[in-house]
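# Close look at the chain arrangement
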Amino acid sequence: MQDRYKNRSKIGGKIVKWIFFSCALVSILTTTGIIFSLLLQAWGFFSEVSVFEFLSGTRWTPILKPRSYGVLPLVSGTLLVTVIAALVALPIGLATAIFLSEYAADKIRRIVKPILEILAGVPTVVYGYFALTFITPTLQDWLFPDMLVFNAMSAGIVMGLMIVPMVSSLSEDAMISVPKSLREGAYALGATRVEVAVKIVVPAALSGIVASFILGISRAIGETMLVTIAAGATPKMTFNPLESIQTMTAYIVQLSLGETPHGSLEYNTIFAVGLLLFAITLVMNILGQFVVTKWGVRY
């Protein structure tokens, strides 16, 4: 009887193992398929346009004559919106994490955490129209009367609010993992709550906090619908957040909805830009993993 039970347990364990392996294999095959698709389609573009021209050109007009294929205007637009989002999300997210970890009572935490999760679940289309119909008119009325309807400022601000839950949640998890003995030792030496939070907990959880920053920025770089609706469709090399710009993701959406012939050079620009975007986000994620591995402290 016991032998039969052991055999069933072994068989069940092997089945579960193969199920988990199959799930992992599906993820690997999906990633490989995406990379292969990007490389295959981008090859048709780079066989006619040099990589140097693509990465160093300052004019992006792939569907207008004279055609130019310099991707820097799209990259600058993406980075401009991302920097604004980071300036909004990182301090607010870190402050929220410190409050939830070090100051908030359990009752308040149980209220605030679901609200943040709801904020993270709002569709990005809603964020885009919120930026277009509320943030932009408000900024025009109070601060920047010359601001264009489609601009990088409002898109960046709302994107920052959108990634606050990611930054705060991951940072809070890192802070909660800091042992209570470190806090109690600091309190025993006469430190205040602010000093414990800023000088003890934050440095101890720094690797997790930095990783949350990097993942939040990666999320901002890859955002699509918000910037498509709120930031505009004008690829230009500018660092003025009050002007209309175009990001890499917004360009992909714009050209995908057009009537560009399949297989043409203009059509293949989608995959060239997508490949560059994939490379940027991959580097950001590798950097985040490196930070966690290099400076991460396990308690």
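In what follows, the structure referred to is the one given above.
Below you will find a few notes about this structure. (Residues numbered from 1 in each chain as written. Predicted model: local features only at pLDDT ≥ 70, side-chain atom pairs only at ≥ 80, totals over all residues. Heavy atoms only, no water.)

### Looking at helix α8 (residues 193–204)
For α8, built from 12 residues, the straight-helix expectation of 16 Å at 1.5 Å per residue is met to within 8% by its first-to-last C-alpha distance of 15 Å. Within α8, burial applies to V196, A197, V201, V202 and A204. Buried residues of α8, viewed axially, fall in a sector of 145°; they line one side. Where α8 is buried, its residues contact α3 (72–103), α6 (152–176), α7 (180–188) and α9 (206–221). (Helix = DSSP H or I, 4+ residues; strand = E, 2+ residues; numbered from the N terminus. Expected span 1.5 Å × (residues − 1). Buried < 20%, exposed > 50% of the residue type's maximum accessible area, 1.4 Å probe, protein only. Arc of directions from axis to C-beta. Contact = heavy atoms within 4.5 Å.)

### Observations concerning the packing of aromatic side chains
Summed over all chains, the structure comprises 9 aromatic pairs. Pairing F45 with F54 gives two aromatic rings, centres 5.5 Å apart and planes at 75°, and the pair type is edge-to-face. Taking the relative accessible area as the measure of exposure, F45 reaches 0% and is therefore buried. Taking the relative accessible area as the measure of exposure, F54 reaches 1% and is therefore buried. Here the aromatic residues F45, F46, F54, W60, Y69 and Y251 are joined through ring pairs into a cluster of three or more. (Phe/Tyr/Trp six-rings, centres within 6.5 Å; stacked < 30°, edge-to-face > 60°.)

### Overview of the nonpolar core
Core analysis: the largest hydrophobic core is formed by 26 residues, its most contacted members being F45, F54, W60, V71, L74, M248 and V273. Residue assignment for this core shows that the elements contributing at least two residues are α1 (2–46), α3, α9, α11 (248–256) and α12 (265–295). Ranked by residue count, the leading element in this core is α12, at 10 residues. Beyond its immediate sequence surroundings of up to four residues, L74 is in contact with W60, P235, Q246, T247, M248, Y251 and V273. (Core = buried A, V, L, I, M, F, W, Y, C linked by side-chain atoms within 4.5 Å.)

### Examining the packing of α3 against α8
Two elements in contact, α3 and α8, have axes whose closest approach is 11 Å; the angle formed by their N-to-C orientations is 110°. In terms of their interaxial angle, α3 and α8 are classed as roughly perpendicular. Like other packed secondary-structure pairs, α3 and α8 cross with a definite hand, here right-handed. Contacts from I98, E102 and Y103 of α3 reach α8 at R193, V194, A197, V201 and V202. (Axes fitted to C-alpha atoms, helices over the stretch in contact; angles between N-to-C directions. Parallel < 35°, antiparallel > 145°, perpendicular 65-115°, else oblique. Left-handed = near helix turned anticlockwise from the far one by under 90°.)

### A few points about the packing of helix α5 (residues 124–142) against α6
At their nearest, the axes of α5 and α6 sit 9 Å apart, and the two run at 130° to each other. When the axis of α5 is compared with that of α6, the two are oblique. α6 is crossed by α5, and the crossing has right-handed handedness. Taken together, the residues of α6 that come into contact with α5 (itself represented by T124, Y127, F130, A131, I135, T136 and L139) are M153, S154, I157, V158 and M162.

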